[in-house]
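Understanding the architecture of this molecule
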Amino acid sequence: MRLAKYLAQAGIASRRQAEDLIRAGRIKLNSQVATDLASQVDPQNDRVEFDGVVVSPEQPVYILLNKPPGFLSTVADSRGRPTVVQLVPNIKQRVFPVGRLDQDTAGLLLLSNDGAFTNLMIHPRYKIDKKYEAVIRGEISSAEIGMLRDGICLDDGRTAPAKVRLIRSGTKESVIELVIHEGRKRQVKRMLAAVGHPVIKLTRTGLAFLDLAGVKVGQYRYLRQEEVDKLIDLARHGRA
Ligand code: URA
């Protein structure tokens, strides 16, 4: 198989990130730096190294974490801030976040060492729904809700249509549920700020058919194999 695929399956990075590592000369194949993206690996006989450490294929692992606010959706932080990976200390495999939640966003975050799975969950092409509950400033009008549903012009383009449900309305603050599949940077906060209702608190409450039932803030559970299969099927064929 191709070197980048092997690295992704071993849980080093997504396939695209693995290609960057290859280009950067950080991968050795049988003791030679491999910069050719077309390099082929025979997992039985070849020896692959990443920054001098031998890479071995791992058992894939899929975790559903209820992320507390205050943790970065990354593996390690150069400034020593807490990361989501520190919330799953007993996992042997090197897992990385499946997409990102902002540091101050809470809720459902998947972690995995399966790069192909990660790509299926986060690439907008596969249209995996992400559900958010946002506490927002002020009282939102039905016209503004309509704008969120139809798509909002942000500086990186118009957002795809969203499902929107008003949960609670108040003059000081309101609570709204949004379902989107794009996952652009700070998308929900930017959409709500664009209609004049800055987000006070944001929680991701769902991803496809998954929710946070039974998983308290700061805790995690393994996905069941049938859940993983269903998610992959949803991404590939638009159905579970
Ligand atoms: N949208 C945001 O604005 N922030 C997140 O963390 C996730 C979605």
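Residues numbered from 1 in each chain as written. Predicted model: local features only at pLDDT ≥ 70, side-chain atom pairs only at ≥ 80, totals over all residues. Heavy atoms only, no water.

For the chain, the count of helices and strands is six helices and 15 strands. Dimensions along the principal axes, computed over C-alpha positions, put the chain at roughly 65 × 40 × 35 Å. With 240 residues in all, the chain has 46% of them scored as buried. Within the chain, contacts between residues at least 6 apart in sequence are counted, and of these 62% link residues at least 24 apart. Accessible surface, the chain as shown: approximately 12,700 Å² in total, 48% of it carbon and sulfur. One way to put it: in the chain the 38 positive side-chain charges average out to a point 2 Å from where the 27 negative ones average out. (Helix = DSSP H or I, 4+ residues; strand = E, 2+ residues; numbered from the N terminus. Buried < 20%, exposed > 50% of the residue type's maximum accessible area, 1.4 Å probe, protein only. Contact = heavy atoms within 4.5 Å. Areas by Shrake-Rupley, 256 points an atom, 1.4 Å probe, with all protein chains shown as cover. Lys, Arg positive; Asp, Glu negative; His and termini not counted. Charge placed at Lys NZ, Arg CZ, Asp CG, Glu CD.)

Right, let's get into the nonpolar core. Core analysis: the largest hydrophobic core is formed by 31 residues, its most contacted members being Leu 111, Ile 140, Leu 148, Ile 176, Met 191 and Leu 192. Mapped by element, the contributors of at least two residues to this core are strand 5 (62-67), strand 7 (106-112), strand 8 (130-137), helix 4 (142-150), strand 12 (173-180), helix 5 (187-194) and strand 13 (199-207). For this core, the domains that each give at least three residues are domain 2 (62-124 + 210-237) and domain 3 (129-207). Residues within four places of Leu 148 in sequence aside, it is in contact with Ile 140, Ala 162, Val 164, Ile 176, Met 191, Leu 192 and Val 195. (Core = buried A, V, L, I, M, F, W, Y, C linked by side-chain atoms within 4.5 Å. Domains from an automatic or database assignment.)

Inspection of the entire model under this criterion finds 16 salt bridges. Put simply, Asp 156 and Arg 190 hold a salt bridge, and the shortest N to O gap is 3.0 Å. Remark: Arg 190 occurs in helix 5 and Asp 156 occurs in the loop between strand 9 (153-154) and strand 10 (157-158); sequence separation between them is 34 residues. Residue class for Asp 156 comes out partly exposed when judged on its relative accessible area of 40%. For Arg 190, a relative accessible area of 17% puts it in the buried group. Each of Asp 155, Asp 156, Glu 182, Arg 184 and Arg 190 takes part in a single network of salt bridges with overlapping partners. (Salt bridge = Lys/Arg side-chain N within 4 Å of Asp/Glu carboxyl O.)

The next point concerns the site of the ligand. Surveying the vicinity of the ligand reveals the residues Leu 101, Asp 102, Thr 105, Tyr 132, Arg 186, Gln 187, Val 188, Lys 189 and Leu 202. Thr 105 places a polar side-chain atom, nitrogen or oxygen, 2.9 Å from an oxygen atom of the ligand. Take Gln 187: an N or O atom from its main chain is 3.4 Å from an oxygen atom of the ligand. Across the complex, the protein chains shield 95% of the 240 Å² of accessible surface that the ligand would expose by itself. Counting residues per element, the shell around the ligand draws most heavily on helix 5, at three residues. For the shell around the ligand, the class distribution of residues is four nonpolar, two polar and three charged. (Near = heavy atom within 4 Å. Polar contact = N/O pair within 3.5 Å; in protein donor to acceptor, adjacent residues only side chain to side chain. Nonpolar A, V, L, I, M, F, W, Y, C, P; charged D, E, K, R; others polar.)

For the rest of this paragraph, the subject is helix 2 (residues 15-23). Within helix 2, burial applies to Ala 18, Leu 21 and Ile 22. All buried residues of helix 2 lie within an arc of 100° about the axis, which places them on one face of the element. Packed against the buried residues of helix 2 are helix 1 (3-9), strand 1 (27-29) and strand 3 (48-50). At the exit of helix 2 stands Gly 25, carrying a positive phi of roughly 75°. (Arc of directions from axis to C-beta.)

Another aspect to go through is the pairing of strand 7. Of all seven residues in strand 7, seven are buried; the element is thus mostly enclosed. Of the pairings in the sheet, the one linking strand 5 to strand 7 comprises six bridges and is antiparallel in character. Paired with Asn 66 across the strands is Leu 108, a residue of strand 7. Where strand 6 (residues 96-97) lies against strand 7, two bridges are found, and the strand directions are antiparallel. The residue of strand 7 that forms the bridge with Pro 97 is Leu 111. Bridge count for strand 7 against strand 13 is two bridges, and the pairing is parallel. Along strand 13, the bridge assignment pairs Ala 106 with Thr 203. (Pairing = 2+ DSSP bridges.)

This part covers the domain arrangement of the chain. Here the domain parsing of the chain yields domain 1 (3-54), domain 2 (62-124 + 210-237) and domain 3 (129-207). Computed from C-alpha coordinates alone, the two centres of domain 1 and domain 2 are separated by 24 Å. In this assembly, eight residues from domain 1 lie in contact with seven residues from domain 2. A buried area of about 490 Å², summed over both sides, lies between domain 1 and domain 2, and 47% of it is on carbon and sulfur atoms. (Buried area = accessible area lost by both parts, 1.4 Å probe.)

Attention now moves to the environment of Gly 25. Examined against the element boundaries, Gly 25 turns out to sit in the loop between helix 2 and strand 1. Ignoring anything within four residues of it in the chain, the contact list for Gly 25 reads Val 33 and Thr 35.

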